[in-house]
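Residues per chain, in single letters:
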Amino acid sequence: MGVQVSPRTSGALLHHAEVAVPGAAIGLVAGLFAAGVGAMAGLPALLNTTVGAALGLPLALLGAGYCVLLARGVFSVGAVAPLALYWLAGFPLARLFDSYAVALVLGNDTVLREPLLSFLALQAMLSFGFTIGFLWLHERIAPHWLLRVRGHNPVAASLVERYMEHAEHLERRRASRRRPPAAPS
């Protein structure tokens, strides 16, 4: 499967951190997107900054966590269902953190307008859309990043091998679908 790197190996933490860059970047961009939507809606700059940071930072940490778990073999390349479960827990928590931060900045005693379970249930439903978007972006950004850093990063090199195996598997499946059925003898 590739080079196995122990987390105790010298420099392994830095190698994993470097592999985590694409997921962290996607989370930060999601926070910036939320701040941009707030700016277009005419929200004050302090509130937009709060929304961008309070949503972007947890999503960046969770995105980085996904990359590390992917590199460690917990997730398979391109697998949607395990990632959907990951974001089913993570996305509502990030949104809850965001809501608390916004309430704090606004000086509100009330954080949520609806009951907590209703809020979490809605965010859990929205998490599937975030999962699809995150995976789509990650599968387009991460391989380019990993190819760039694999020369000095054995964790990235191992993950590149897994991406290559996945691509070869997908190509074999496509090729088998294109072949005409064999004529009976």
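Provided above is the structure to which this section pertains.
Described below are features of the structure shown in this document. (Residues numbered from 1 in each chain as written. Predicted model: local features only at pLDDT ≥ 70, side-chain atom pairs only at ≥ 80, totals over all residues. Heavy atoms only, no water.)

### Quick word on the pattern of salt bridges
Counted by the stated rule, this structure contains two salt bridges. Across the pair Asp98 and Arg95 runs a salt bridge whose closest N-O atoms are separated by 2.8 Å. Of this pair, Asp98 and Arg95 both sit in helix α4 (residues 81–106), three residues apart, which is roughly one turn of the helix. Residues Asp98 and Arg95 agree in their burial class; the two are buried. Linking Arg174 and Glu171 is a salt bridge whose minimum nitrogen-to-oxygen distance equals 3.6 Å. Remark: Glu171 and Arg174 occur in helix α6 (residues 154–178); sequence separation between them is three residues, near one turn of the helix. The class for Arg174 is partly exposed, based on a relative accessible area of 43%. Look at Glu171 and you get partly exposed, because its relative accessible area is 38%. (Salt bridge = Lys/Arg side-chain N within 4 Å of Asp/Glu carboxyl O. Helix = DSSP H or I, 4+ residues; strand = E, 2+ residues; numbered from the N terminus. Buried < 20%, exposed > 50% of the residue type's maximum accessible area, 1.4 Å probe, protein only.)

### Examining the packing of helix α2 (residues 21–40) against helix α5 (residues 116–149)
At a minimum axis distance of 9 Å, the contact between α2 and α5 shows a crossing angle of 135°. The pairing of α2 with α5 is recorded here as oblique in orientation. Here the hand of the crossing between α2 and α5 comes out right-handed. Of α5, the residues touching α2 (which contributes Val21, Pro22, Gly23, Ile26 and Ala30) are Phe130, Phe134, Leu137, His138, Ile141, Ala142 and Trp145. Among the residues forming the contact of α2 with α5, the class breakdown is ten nonpolar, two polar and no charged. (Axes fitted to C-alpha atoms, helices over the stretch in contact; angles between N-to-C directions. Parallel < 35°, antiparallel > 145°, perpendicular 65-115°, else oblique. Left-handed = near helix turned anticlockwise from the far one by under 90°. Contact = heavy atoms within 4.5 Å. Nonpolar A, V, L, I, M, F, W, Y, C, P; charged D, E, K, R; others polar.)

### Some thoughts on the packing of aromatic side chains
Taken as a whole and judged by the stated rule, the model has eight aromatic pairs. Seen in terms of ring centroids, Phe75 and Tyr86 are 5.6 Å apart; in terms of plane orientation they differ by 80°. Their pairing is edge-to-face. With a gap of eleven residues between them, Phe75 in the loop between α3 (45–71) and α4 and Tyr86 in helix α4 connect regions that are remote in the sequence. Note on Trp87 and Phe130: the rings are 4.8 Å apart at their centroids and 75° apart in plane angle, and the pair reads as edge-to-face. Placement of the pair is Trp87 in helix α4 and Phe130 in helix α5, with a sequence separation of 43 residues. (Phe/Tyr/Trp six-rings, centres within 6.5 Å; stacked < 30°, edge-to-face > 60°.)

### Digging into the nonpolar core
Formed by 31 residues in total, the largest nonpolar core has its most connected members in Val19, Leu59, Tyr66 and Trp87. Looking at this core, the elements with two or more residues in it are α2, α3, α4, α5 and α6. In terms of residues, this core owes the most to one element, α3, which gives eight residues. Once you skip the residues sitting within four places of it in the chain, Tyr66 turns out to touch Phe75, Leu83, Tyr86, Phe134, Leu135, His138 and Glu139. (Core = buried A, V, L, I, M, F, W, Y, C linked by side-chain atoms within 4.5 Å.)

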